[in-house]
Amino acid sequence: MFRFKYRYCKVHMARYLSGDLSDPVRRRVARYIDENEDCYREYMRHREFAQKLERSLPAFGRPNPQQLDQVWTALKADLQTPRAQSLWYSDFGSRSSMHFSYGLAALAIAIALMLPLALGYHSPLLSISIARAPHYAVVLRPPAQELSSAALFETVEPGSSGPAPLLQSTPSPRL
Amino acid sequence: MTDNQLAMRQEIDAIVNRAVNGDQNGYAELYDRFAASLYRLCYSLLLNEQDAEDILQESFLYAFKNLQRFDSRKASLKTWLYTIAISRCRNTYRRKRFVTVDITQWLGLELKAPPAEAPEAAAIRRDASESISTALQDLSPRLREAIVLRYGQGMTYREISEVMGCPQKTAESRVRLGHERLRKALQPVGLGLLEEMLRVH
């Protein structure tokens with residue numbers, strides 16, 4: 001229950017201090033701050049830091065008058081020059097053109113990735129190599145010579161320079 | 001809106017009308033009113049003097065050229081100017097996303113002390129400014145924007161949500177998150193530094 005109160009206070013503390021909470025929520029936070037020590041500590045810590053920020057941040061980056069004068073001089077010169085003809089590429093950097101260029105880049109990457117697949121090229125690293133079964137051919141020799149039954153049938157690897165087969169079986173066996 | 005705020009808004013609307021009708025003094029008056037706060041906003045977000053000056057000039061140039069489009073019923077001139085400046089600051093973050101180190105900061109050219117300032121005061125000012133600068137730089141751009149608008153510019157959550165272009169609840173949670181992270185970032189340095197900076201200013 002205490003943790004719930006603490007979390008509730010923590011979530012609403014910034015708006016509690018700036019007076020932006022509705023009446024029921026503001027009263028509830030105030031009650032928790034009174035009842036619970038952790039809530040009170042959170043309140044004090046938040047208030048102290050917020051006050052310091054409110055006083056110190058407006059002093060951060062304060063310009064000197066010369067800087068503002070320089071900008072004003074440049075601005076007046078810009079205002080007096082007639083507006084240049086706007087070019088199609090002059091708007092690079094705007095939100096819509098950024099979206100367009102990001103979209104274009106994404107499309108180019110997608111095409112670059114899909115192009116090899118579309119053309120039938122496969123990466124040897126990605127493809128799975130399937131061992132090809134060797135093609136066998138049955139060679140029948142004439143019975144004139146004395147041959148053992150083992151010599152009657154011999155296997156000839158495709159591409160090997162063996163004796164010309166007399167009879168070859170087709171098709172090759174499937175494994 | 002309080003009577004004071006209403007009167008100020010009417011006064012600014014009158015200056016805008018004068019400028020739109022061709023009164024050159026109207027532009028100068030608008031610049032005098034908003035230039036310093038707009039520069040602080042840009043500097044706090046970009047943490048670079050040159051970039052802040054460029055964005056200040058660009059924002060005013062755009063605003064002055066499009067002043068007839070400004071509708072005071074939709075937003076105040078301050079909110080409109082801040083929206084323009086923040087949008088340009090965001091473009092600068094995007095362009096500089098991979099270049100985060102600024103050579104002028106390395107060389108110590110960033111923090112110029114006024115000539116009359118004593119060396120001790122200048123050193124304290126430099127330390128404090130560097131600590132805040134580092135802490136702000138560690139925040140994400142969105143959290144930095146929320147913190148700078150809330151604490152640096154004293155805007156309400158509603159105004160922050162208008163300038164940042166997000167729902168009010170989102171603006172609130174960004175301020176809360178930014179506050180927590182900034183407190184954690186500045187804790188090792190000591191919150192006394194902020195006090196020192198206040199004393200010097």
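Relevant structure appears above.
Residues numbered from 1 in each chain as written. Chains lettered and ligands numbered in written order. Predicted model: local features only at pLDDT ≥ 70, side-chain atom pairs only at ≥ 80, totals over all residues. Heavy atoms only, no water.

**Quick word on the pattern of salt bridges**
Side-chain pairs of opposite charge can arise whenever the charged atoms involved come near each other. Counted according to the given criterion, the structure contains 17 salt bridges over all chains. One continuous salt-bridge network, built from bridges that share partners, spans A:Arg3, A:Glu37, A:Asp38 and A:Arg41. (Salt bridge = Lys/Arg side-chain N within 4 Å of Asp/Glu carboxyl O.)

**Focus on the side chain of B:Arg88**
Position of B:Arg88 among the secondary structure elements: in helix H4 (residues 77-95). The residues contacting B:Arg88, other than those within four sequence positions of it, are B:Ile55, B:Glu58, B:Ser59 and B:Tyr62. (Helix = DSSP H or I, 4+ residues; strand = E, 2+ residues; numbered from the N terminus. Contact = heavy atoms within 4.5 Å.)

**Some details on empty space enclosed by the protein**
Residue and element names in this part refer to chain B. Under the counting rule described, the total for this entry stands at one cavity of 30 Å³ or more. Along the walls of the largest cavity sit Leu30, Phe60, Ala63, Phe64, Leu67, Leu77, Trp80 and Leu81, which together make up its complete lining. Of all elements in the fold, only helix H3 (49-65) and H4 reach the threshold of two or more residues within the lining of the largest cavity. For the lining of the largest cavity, the per-class residue count stands at eight nonpolar, no polar and no charged. (1 Å grid on protein atoms, 1.4 Å probe; cavity = no way out; pocket = protein on both sides within 12 Å on 5 of 7 lines; lining within 4 Å. Points joined across faces, edges and corners; volume = space filled by probe spheres on them. Nonpolar A, V, L, I, M, F, W, Y, C, P; charged D, E, K, R; others polar.)

**Description of unusual backbone geometry**
With a phi close to 55°, B:Leu47 is a non-glycine residue in the positive phi region. Given the relative accessible area of 3%, B:Leu47 is considered buried. (Buried < 20%, exposed > 50% of the residue type's maximum accessible area, 1.4 Å probe, protein only.)

**Quick notes on the interface of chain A and chain B**
Counting residues at the interface gives 38 residues for chain A and 46 residues for chain B. Between chain A and chain B, the buried area comes to about 4200 Å², and carbon and sulfur atoms account for 65% of it. By the criterion of area lost to chain B, the three top residues of chain A are A:Phe49, A:Leu57 and A:Phe60, representing 18% of everything that side buries. For the pair chain A and chain B, the number of links is one salt bridge. Ionic pairing is found between A:Arg15 and B:Glu172, a salt bridge with its closest N-O pair at 2.8 Å. Inspection of the chain A/chain B interface yields ten residue pairs in polar contact (both at pLDDT 80 or more). Taken together, the residues that form the side of chain A that touches chain B break down as 18 nonpolar, eight polar and twelve charged. (Buried area = accessible area lost by both parts, 1.4 Å probe. Polar contact = N/O pair within 3.5 Å; in protein donor to acceptor, adjacent residues only side chain to side chain.)

Keep in mind these values describe shape, not function.
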